[in-house]
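Overview (structure and organization)
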Amino acid sequence: MRAQIALYVGLGLLALVAPFLGLYPVFLMKLLCFAMFACAFNLLLGFTKMLSFGHAAYFGASAYITGWLVTVQGWGTLEAILGGVAVSMLLGAVIGAIAVRRQGIYFAMITLALAQVVYFVCLQAQFTGGENGLQGIARGSLLGLLSLGDDRAMYYFVLAVFVAVFLFIRRIVHSPFGQVLKAIRANEPRAVSLGYKVDRYKLTAFVLSASLAGLAGSLKALVLGFATLSDVSQGNSGEVILMTLLGGSGTFLGPFVGANVVITLQEYLSDLAGSWVSVIIGAIFVVCVMVFRRGVVGEIQRRFGQRSD
Amino acid sequence: MTRNSKFLALGALLGLYASSPAGAAADQVVIGDIDDMSGVYADVLGQAGVDVINMAISDFGGTVLGKKITVLSVDHQNKPDIGASKFREWADQNGLTMVLGGSNTGVSIAMSKVAAAKKVPFIAIGAGGASLTGVDCTPYTVHYAYDTTALGNGTASAIIKEGGKTWFFITADYAFGTQLQDAATKVVLANGGKVLGAVRAPLGTTDYSSFLLQAQASGAQVLGLANAGTDFSNSLKAANEFGITKTMKPAALLAFLTDIHAATLQTAQGLYLTTGFYWDLNDQTRAFAKRFFAKVNRMPTMDQAAFYSATIQYLNAVKAVGSTDSDKVMAQLKKTKINDFFAKDGYIREDGLMVHSMYVMKVKTPAESKYPWDYYKVVKVMTGEEADGTQPDPSCPMVKK
């Protein structure tokens, strides 16, 4: 436990000074956004054992809505983020309500199919700009007080949100509600026989995960200034699964580590290998599944005999 | 042990970042090339685009104002997000002084927003969309090689004069395709023609059968192909295989030399197309083409020639003003006439469009072609004003009304 606290403090300090170590703030922010996305996804996969194949739908939809609210409707930054999150929450509620009735592969297929519907809506709808995407999304300011135009200001804002989300997820998992989720993960029929309304718990977890994924998408749109089809595409859904599994699903730090590895590789390999990046990352995924199934953090914890939480 | 292992993990994470690029290089002139290196437009510019920039730099002497000239390049994979974020990163991290924009209008529009925000000159070459100097114009954008307006004015009017009055479009489904279709439609309507229908095909489509059947069912005389790169050669080949070219006349609204090469003369013969450059126009173009051929074993496309020309223009401007300051360089670029193998008396208009002569070409028959890459004959030379109008685009906010 003490080691864990020391690790979190260490990571926190590192994150605070990172922009002054010559690391590129926009890259760090992108990293945090995807780490947040992976943590949200992990809430579903790691702690409830529901594998969604369509999480990009919530991430991307929220990015588009936030972008649209800022550029077309002229909303402020915080309101636009909340607007984006509200839409992804709604989307999560609708898709989740349909999907949680099924399990395993059928659950995955329903989330995949409905996410593809969202993708095609984004491709065809006028407000998203189709193939061109939404461009020039201004970052605005925090309640009119602190301008987020500066990369460092924006970085600390994103960092604060990420830490809040991270702690929030920890809180959820350790709460009685989280214990029920873990019970469902371990043995669903048993949870039913104990009298828990399992579908309701699953739906709540689904909506929470979708909303947090949406929050990550909103922030990404503001950080980079655009929302495009890549955000909402199937590839993005696959990437978040990859990040979570690579880092270690069902661990708190796993998705964060996984997102770090994947985004960093993409960043540096894109210069060298172009579109081969996806092949290389695919190969890494295969190695991960064959050699260390619990993911990086999962394996470390197992080796040194620590419980998964 | 546990604590050690955790710090080990932390250390490993840190190690990942150790290779981060650090700091801007103020003593360098950095030219970025953001282009499709592996997708449907890779042949139009692609890797050869990087070669041609390097060729221009070594012809210039490798340095300007005593500063080394370096080139950065990236494959944007036709994704606006990759293009824009690389541009931003280079501007923030690598001391970027100018960007040459490769193919894809959607990506270029995204990049132009970054150019405006970061105040870095952006010379769009591979992209055709006229909105780059219209609604999407910025003080730092130059649209150098061609635009959709010129393509419409060239090809569409040539075909209408031959009697092709009714049109059906197969359009690449993004900014470039729709703008090209709009430009051609304007010309068709202005000359008393009619557009009977249009269908949008996603970028990178390989199966055109359903689109072609719709085109055939429309009964139009002309099949307008508002696409480019391998999309163009695939759709043209498919139209041939379906026998549609017997009843409809295909119109290449944008075709590059490499596309004609890929489609073969057998398929492409008799096509009209509009281009800003052809390697076999005169001794100057042939001299450049010969050097280019020696390097990449192909003849240069319009865009590759424009890459060379634009690099030299930019370096000359830097030399003339004695700095890489974006505003000074842009002012210098806008007041300099462009006279080289690529353009005669070209000039950069208030809205950022480089106005220069355009050529309406007809693709030769296999019998007419006397030597390798002998593909076009000139039908008409349009002055820059004929191609793009005499006035700057009023939808550009910078244009004084």
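Residues numbered from 1 in each chain as written. Chains lettered and ligands numbered in written order. Predicted model: local features only at pLDDT ≥ 70, side-chain atom pairs only at ≥ 80, totals over all residues.

1. Some details on the overall build of chain B
Scanning chain B from N- to C-terminus turns up 15 helices and 15 strands. Based on the C-alpha atoms only, the size of chain B along its principal axes is roughly 75 × 55 × 50 Å. The proportion of buried residues among the 401 residues of chain B is 57%. For chain B, contacts bridging at least 24 residues in sequence account for 72% of all contacts bridging at least 6. (Helix = DSSP H or I, 4+ residues; strand = E, 2+ residues; numbered from the N terminus. Buried ≥ 20, exposed ≤ 12 C-beta atoms within 10 Å, placed from the backbone. Contact = placed C-beta atoms within 7 Å.)

2. Quick word on the overall build of chain A
Scanning chain A from N- to C-terminus turns up 14 helices and two strands. Computed over its C-alpha atoms, the radius of gyration of chain A comes to 19 Å, within 12% of the 19 Å expected for a compact globule of 309 residues. Viewed in the frame of its principal axes, chain A has a C-alpha envelope of about 50 × 40 × 40 Å. When burial is assessed residue by residue, chain A has 50% of its 309 residues classed as buried. Across chain A, the fraction of contacts at a sequence separation of at least 24, relative to all contacts at a separation of at least 6, is 76%. (Rg over C-alpha atoms; globule rule 2.2 N^0.38 Å.)

3. Re helix α11 (residues 234-247) of chain A
All names here are of chain A. Over its 14 residues, α11 runs 20 Å from end to end, which matches the ideal 20 Å to within 8%, given 1.5 Å per residue. Counting buried positions along α11 yields 11 of 14 residues, so the element is predominantly enclosed. When α11 is considered as a whole, its buried residues turn out to be Asn236, Ser237, Glu239, Val240, Ile241, Leu242, Met243, Thr244, Leu245, Leu246 and Gly247. Just beyond α11, the residue with positive phi is Gly248, at close to 125 degrees. (Expected span 1.5 Å × (residues − 1).)

4. Let's talk about unusual backbone geometry
All names here are of chain B. The phi dihedral of Asn297 is positive, around 65 degrees, even though this residue is not glycine. Tracing the backbone through its elements, the reader meets Asn297 in the loop between α12 (283-296) and α13 (302-321). Positive phi is not limited to glycine here, since Asp345 has a value of about 50 degrees. Looking at the element boundaries, Asp345 is found in the loop between α14 (326-335) and β12 (347-348). By the C-beta count within 10 Å, which is 12 here, Asp345 ends up exposed.

5. Quick notes on the packing of α13 of chain B against α14 of chain B
All names here are of chain B. Their axes nearest at 9 Å, the elements α13 and α14 cross at an angle of 115 degrees. The angle between α13 and α14 falls in the class roughly perpendicular. Note on packing geometry: the crossing formed by α13 with α14 is right-handed. Facing α13, whose interface residues are Gln313, Ala317, Val318, Ala320 and Val321, α14 presents Lys328, Val329, Gln332 and Leu333. A breakdown of the residues in the contact of α13 with α14 according to their chemical character gives six nonpolar, two polar and one charged. (Axes fitted to C-alpha atoms, helices over the stretch in contact; angles between N-to-C directions. Parallel < 35°, antiparallel > 145°, perpendicular 65-115°, else oblique. Left-handed = near helix turned anticlockwise from the far one by under 90°. Nonpolar A, V, L, I, M, F, W, Y, C, P; charged D, E, K, R; others polar.)

6. Things to note about the nonpolar core
Residues and elements named next belong to chain A. One finds Met36 and Phe37 to be the most contacted residues of the largest nonpolar core, which totals 230 residues. The biggest single contributor to this core is helix α2 (residues 25-48), with 18 residues. Ignoring anything within four residues of it in the chain, the contact list for Met36 reads Phe162, Val165, Leu212, Leu215 and Ala216. (Core = buried A, V, L, I, M, F, W, Y, C linked by C-beta atoms within 7 Å.)

7. A few points about the confidence of the model for chain B
If pLDDT is low for a region, its predicted coordinates should not be looked at in detail. Residue and element names in this part refer to chain B. Summary statistics for chain B give a mean pLDDT of 89 and a share of 93% for residues scoring 70 or more. Below pLDDT 50 for its whole length, residues 7-24 participates in 19 contacts with residues either more than four positions away or in separate chains. Reported confidences for the modelled complex are a pTM of 0.85 and an ipTM of 0.80. (pLDDT = per-residue confidence, 0-100.)

8. Brief notes about the packing of helix α3 (residues 56-71) of chain A against helix α9 (residues 198-224) of chain A
All names here are of chain A. Contact pair α3 / α9: the axes reach a minimum separation of 7 Å and the direction vectors enclose 45 degrees. When the axis of α3 is compared with that of α9, the two are oblique. Seen from above, α3 lies across α9 with right-handed handedness. In this structure, α3 contributes Tyr58, Phe59, Gly60, Ala61, Ser62, Ala63, Thr66 and Gly67 to the contact, and α9 contributes Ala210, Ala213, Gly214, Ala216, Gly217, Ser218, Lys220, Ala221 and Leu222. Across the contact of α3 with α9, the residue classes tally to nine nonpolar, seven polar and one charged.

9. Here's the deal with the sheet that holds strand β14 (residues 358-363) of chain B
Two modes of strand pairing occur in sheets, parallel and antiparallel, and in both the strands are linked by backbone hydrogen bonds. Residues and elements named next belong to chain B. In spatial order, the strands read β11-β14-β15; together these three strands make up an open sheet with antiparallel pairing. Because the sheet does not close on itself, it has two edges, and the strands there are β11 (272-275) and β15 (376-382). Shown here is a sheet whose adjacent strand axes are inclined to one another by a mean of 30 degrees, direction ignored. Across four bridges, β11 lies against β14 in antiparallel orientation. Residue Tyr272 lies in a different strand from β14, and its bridge partner there is Lys362. (Pairing = 2+ DSSP bridges.)

10. Regarding the environment of Asp259 of chain B
Residues and elements named next belong to chain B. Tracing the sequence through the fold places Asp259 in helix α10 (residues 257-263). We classify Asp259 as buried; it has 25 C-beta atoms within 10 Å. Residues within four places of Asp259 in sequence aside, it is in contact with Gly229, Phe232 and Ser233.

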